[in-house]
Amino acid sequence: MSTALPGGAGHAPLRESASNGLKIVIVGGFGVGKTTMVQSVSEIRPLSTEETMTQAGIGIDDASFVRHKTTTTVAFDFGRISLDEQMVLYLFGAPGQERFWFLWDRLFSGTLGAVVLVDTNRLSDSWYALDRLEHHGTPFIVARNNFTEPQHTLEEVREALDLPPEVPMIECDARKRDSSKAVLVALARYLYSLSTNGSAGETTA
Amino acid sequence: MIRGPLDKEGPDRLYTVTGGRSRADESRFDMVTLIVSESDPTPGMQSEHVKILRMCRRPLSVVEISSYLELPVSVVKILLCDLLDTGRITARHPHAARPGGRLPGPETLKKVLVALQNL
Ligand SMILES: Nc1nc2c(ncn2[C@@H]2O[C@H](COP(=O)(O)OP(=O)(O)O)[C@@H](O)[C@H]2O)c(=O)[nH]1
Ligand SMILES: [Mg+2]
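Just so it is clear, the model here is predicted, and its values are computed rather than measured. Here the residue index of a chain counts from 1 through its sequence in written order. Each chain is given a letter, starting from A, and each ligand a number, starting from 1, according to the order in which they appear as written. The predicted nature of this model means local features are confined to residues of pLDDT at least 70 and side-chain atom pairs, given and counted, to a pLDDT of 80 or more, with totals for whole chains, interfaces and linings taken over all residues. Excluded from the side-chain calculation are hydrogens and water; included are all heavy atoms of the structure.

Engineer: Now, about the overall build of chain B: what can you tell me, with residues and values included?
Structural biologist: Helix and strand counts for chain B come out as 6 helices and 3 strands. Listing every helix and strand of chain B by position from the N terminus yields α-α-β-α-β-α-α-β-α. Only protein chains enter the area calculation, which uses a 1.4 Å probe; residues under 20% of their type maximum are buried, those over 50% are exposed, and those in between are partly exposed. Within chain B, buried positions represent 50% of all 119 residues. Residue contacts are counted whenever heavy atoms from the two residues lie within 4.5 Å of one another. Long-range contacts, defined here as pairs at least 24 residues apart, represent 65% of the contacts in chain B between residues at least 6 apart. Here chain B displays about 5200 Å² of accessible surface, and carbon together with sulfur accounts for 49% of that area. What counts as a helix is a DSSP run of H or I of at least four residues, what counts as a strand is a run of E of at least two, and both are numbered from the N terminus. Only the protein chains shown count as covering a residue, and every accessible area follows the Shrake-Rupley method with a 1.4 Å probe.

Engineer: Tell me about the site of ligand 1, and please be specific about residues and values.
Structural biologist: Residue and element names in this part refer to chain A. When at least one non-hydrogen atom of a residue lies within 4 Å of a molecule or strand, that residue is treated as near it. The immediate surroundings of ligand 1 are formed by 13 residues, with Gly31, Lys34, Thr35, Thr36 and Asn145 found nearest. Whenever a nitrogen or oxygen atom comes within 3.5 Å of another N or O atom, the pair is scored as a polar contact, on the condition that within protein one atom can donate a hydrogen and the other can accept it, and that pairs from neighbouring residues in sequence are kept only if both atoms are in side chains. At a separation of 2.5 Å, an oxygen atom of ligand 1 approaches a polar side-chain atom of Thr36. In this structure, Asn145 approaches ligand 1 through a side-chain N or O atom, which is 2.8 Å from an oxygen atom. With 3 residues, the single largest contributor to the shell around ligand 1 is helix H1 (residues 34-41). Polarity classes work like this: nonpolar for Ala, Val, Leu, Ile, Met, Phe, Trp, Tyr, Cys and Pro, charged for Asp, Glu, Lys and Arg, and polar for all others, with Gly in that last group. For the shell around ligand 1, a count of residues per class yields 4 nonpolar, 6 polar and 3 charged.

Engineer: Can you lay out the pairing of strand E1 (residues 34-37) of chain B for me, pointing to particular residues and giving the numbers?
Structural biologist: Residue and element names in this part refer to chain B. Side-chain alternation along E1 places Leu34 and Val36 on one buried face and Ile35 and Ser37 on a second face that is also buried. Only strands that DSSP links by at least two bridges are regarded as paired with each other. The pairing of E1 with strand E2 (residues 60-61) spans 2 bridges and is classified as antiparallel. From the neighbouring strand, Leu34 faces E2, where its bridge partner is Ser61.

Engineer: I'd like a description of helix H5 (residues 73-85) of chain B, backed by residues and values.
Structural biologist: Residue and element names in this part refer to chain B. How far a helix is expected to stretch is found by multiplying one less than its residue total by 1.5 Å. Given a rise of 1.5 Å per residue, 13 residues ought to cover 18 Å, and the 18 Å separating the end C-alpha atoms of H5 matches this to within 8%. Of all the 13 residues making up H5, 10 are buried; the element is thus mostly covered by neighbouring parts of the structure. Those residues of H5 that sit buried are Val73, Ser74, Val75, Val76, Lys77, Ile78, Leu79, Leu80, Cys81 and Leu83. Immediately downstream of H5, the backbone of Gly87 shows phi near 70 degrees, a positive value.

Engineer: Which residues make up the pattern of salt bridges, and what values go with them?
Structural biologist: Salt bridge, as used here, is a side-chain nitrogen of Lys or Arg placed within 4 Å of a carboxyl oxygen of Asp or Glu. What the rule picks out here adds up to 14 salt bridges over all chains. A salt bridge links Glu155 of chain A to Arg158 of chain A, with the nearest nitrogen and oxygen atoms 3.3 Å apart. With a gap of 3 residues between them, Glu155 of chain A and Arg158 of chain A both fall in helix H4 (residues 154-161), about one helical turn apart. Salt bridges sharing common partners tie together Glu43 and Arg80 of chain A together with Glu64 of chain B.

Engineer: So what about the confidence of the model for chain A? Which residues, and what values?
Structural biologist: All names here are of chain A. By definition, pLDDT measures how confident the predictor is in each residue, and it falls between 0 and 100. When pLDDT is averaged across chain A, the result is 84; 83% of the residues are at 70 or more. Predicted confidence in chain A is weakest over helix H2 (residues 104-108), with a mean pLDDT of 83, and strongest over helix H5 (residues 177-195), with 97. Taken as a whole, residues 1-9 scores under 50 in pLDDT and shows 18 contacts with residues more than four places along the chain or in a different chain.

Engineer: Residues and numbers for unusual backbone geometry, please.
Structural biologist: In the Ramachandran plot, Asp162 of chain A falls in the positive-phi region, its phi being about 60 degrees despite a non-glycine side chain. Its location among the elements puts Asp162 of chain A in the loop between H4 and strand E7 (169-172). Its identity is not glycine, yet Glu70 of chain B carries a phi of approximately 55 degrees, on the positive side. Summarising the element assignment, Glu70 of chain B is placed in the loop between helix H4 (62-69) and H5. By relative accessible area, Glu70 of chain B is classed as buried at 17%.

Engineer: If you had to explain the environment of Arg28 of chain B to someone new, which residues and values would you point to?
Structural biologist: All names here are of chain B. Mapped onto the fold, Arg28 is located in the loop between helix H2 (11-18) and E1. Given the relative accessible area of 29%, Arg28 is considered partly exposed. As a C-alpha pair, Arg28 and His93 span 65 residues in sequence and 9.1 Å in three-dimensional space. Beyond its immediate chain neighbours, meaning those up to four positions away, Arg28 contacts Cys81, Leu84, Asp85 and His93. Reaching out from Arg28, the side chain makes a polar contact with the side chain of Asp85 at a distance of 2.9 Å.

Below, the structure written as structure tokens:
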């Protein structure tokens, strides 16, 4: 994956009527399949960019780009799906590392929800992300990327992660478009059920 | 992930591009605010502004502009403030970003669900 070429080529514009950008974040440890998932469902080639913050800016947010100040950079990639004439869903693949969460409010306020992508062999990679999402009040589902034949049932994973029963879990193969799509549908169904105050999983829409 | 030229140029390029301005105005844009050009570039305009105006002849999100320009999101927001203040762009803000981080209403979420199912 690479950043876009400068110049006109490759800038995939939206339709004229596009007016409402929406965000979903895919969070998970290094190598768990975030970029792969973004790539498999995005209508554009995944792009990457970064956000910087000055060390002094962490938490106080009033720093300016003055010379010689140390900056911290967080890189992330993203793709997009045009949902209808107006709505465009942006999918962000975000590293779960600690410094990333300092930027959560700046980058991801207003996020509809999150997919926590886990690899059963490295479950502990996701504990911190789960804790932070709960802290920020962001609704999430957990998707297990099945790199190899799974050794555990989803219920065992739920127990290991200490997930409440209402949090949906799903298995996926991030390389496959239909599978990644099913993950997004599961998240959207959960968000819809939360918005109608129904219990998760009971919506048939 | 391959990094852009930022890593090589560091804060100096950011300083030049933004004129060392404060980040205070950043909150005027979300990462998924869609930007549309309202005029063509004029001679003498800062090159980043020229690029943005060309790029946004059709709507494009702040985060996509950031990726294409290889500049951090917050630097792009500062550049966009200038263009917005002079009426050279318009901004279509996300409807879903509500204060307090609450979810959008069921109508919107239903539309999202159905659209994803029909992909
Ligand atoms: N076998 C297998 N490999 C995968 C799967 N998902 C991702 N990969 C591979 O795992 C590596 C890391 O994936 P990547 O999407 O870059 O992870 P990220 O760090 O979370 O963005 C890549 O080489 C992918 O091709 C999967 O479901 N099965
Ligand atoms: Mg990645």
